[in-house]
Amino acid sequence: MQNITKTAAILLLADGTIFHGKSIGISGKTFGEVCFNTGMTGYQEIFTDPSYFGQIMVATNPHIGNYGVNVNEVESDKIMISGLVCKNFSFNHSRPDSESNLYDYFSTQNLICISDVDTRALVSYIRDNGAQNAVICTDGTSVEELKKQLSNVPDMKGLELASKVSTAAPYFFGNENATYKISALDLGIKRNILRNLAKRDCYVKVFPYNTPFDELKSFNPDGYFLSNGPGDPEPLEQVINTAQKMIASDKPIFGICLGHQIIGLANGVSTYKMFNGHRGINHPVMNVLTGKGEITSQNHGFAVNREELEKHPDLEITHYHINDNTVAGMRMKSKNCFSVQYHPEASPGPHDSEYLFDDFIANIKKAKNLQSV
């Protein structure tokens, strides 16, 4: 690796607050909504998660890059975050099965990063003042010019981003001779979701986000899946309509994260932008059905309206977030449809909630048995 000269860099928030740091050697500027993730590992999975599209990620773990990168630890084909803010950026890596260092990984994709930032102070500030747009600048552009450019960046509220990360054409995942067939709507699907379905004997056809229901149905699936993804769910009117048709089909349905929010909207329950959102791998969730707590991986800035959900005659809460009582899971009473706000496919973990994939398969088996009677 070439010698890197660290130069002065800044993170400018939309409210005018500036945090100072250093460039890791990649010059430029990048815009997005600044948010933070409390995970102590799994940074490559975070960087490649399509749900983070349009966001500048603050790593609360003080050391980033120390174990390098590995091709098997990605959730998509490229880096999805807009930029990275960290305390200590490691140019060297020590894990034996690493394929390269993080700097080369960032440099190849021109990912702008600012290091040597007081991330504890920054996260504390975001907690108090909420998520907001920001810009990382490592090329010396004046603060006044950055403020002008930042003022033109759209807010995440009302922003449709699924179209930016969804596949352009349908593709297949898994063994074509598998027992079960799944039509998955790609709103920003994570690769480990597909792996979890495939290892449960599912052959998955992944469709673009705007695929009409009739095309999803033409695969003759045993169940439907609505994926995670970035942005505000409310502008996705076509997807909401498609979800309504999925529900009407009486086939088993499973939704994760953005897919969970879409199912809520399809039932007339609104969503809202959270003050900070939940991002990390240590979020406590209560399973109302079992009375057991789960440690979960979460990544979302929007949530389903709990008050409206509790009044809905055909929906019930199955999980809630223990820290703030927000809706973490729900199911329909009259249909074979359930969803969660968090990520049961969590990689690198925790795996407390992986049983939800088994529940989806159990629902499919039950539906197939009923059809055969």
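Now for a quick tour of the structure. These numbers come from a predicted model, not from an experiment.

### Re unusual backbone geometry
- A cis geometry characterises the amide bond from Ser347 onward to Pro348, with omega recorded as 15°.
- Tracing the backbone through its elements, the reader meets Pro348 in the loop between β19 (337-340) and α11 (355-372).
- Residue Pro350 follows Gly349 across a cis peptide bond; omega there is 0°.
- Residue position: Pro350 is located in the loop between β19 and α11.
- In this structure, Asp116 takes a positive phi of about 60° despite not being glycine.
- Positionally, Asp116 belongs in the loop between β8 (112-115) and α3 (119-129).
- Positive phi outside glycine occurs at Asn220, with the angle close to 55°.
- The topology assignment puts Asn220 in the loop between α7 (213-217) and β13 (223-226).
- The exposure class of Asn220 is exposed, given its relative accessible area of 53%.

### Notes on the pairing of strand β9 (residues 132-137)
- Counting buried residues in β9 gives six out of six residues, a clear majority hidden from the surface.
- Taken together, the four bridges between strand β1 (residues 8-13) and β9 define a ladder with antiparallel strand orientation. Among the inter-strand pairings, Leu12 is bridged to a residue of β9, identified as Val135.

### Overview of the sheet that holds strand β4 (residues 55-59)
- Read once around its circumference, the closed barrel built from seven strands follows the order β1-β2-β8-β6-β4-β3-β9, with strand pairing classed as mixed. On average, each strand axis in the sheet is inclined to that of its neighbour by 35°, with strand direction left out of account.
- In this fold helix α4 (residues 143-150) packs onto β1, β2 (18-23), β3 (29-37) and β9, with an angle of close to 40° to the strand it touches most, β1.

Quick notes on the rules
- Residues numbered from 1 in each chain as written.
- Predicted model: local features only at pLDDT ≥ 70, side-chain atom pairs only at ≥ 80, totals over all residues.
- Heavy atoms only, no water.
- Helix = DSSP H or I, 4+ residues; strand = E, 2+ residues; numbered from the N terminus.
- Buried < 20%, exposed > 50% of the residue type's maximum accessible area, 1.4 Å probe, protein only.
- Pairing = 2+ DSSP bridges.
- Axes fitted to C-alpha atoms, helices over the stretch in contact; angles between N-to-C directions.
- Contact = heavy atoms within 4.5 Å.

Scope: geometric values only; no functional claims are made or implied.
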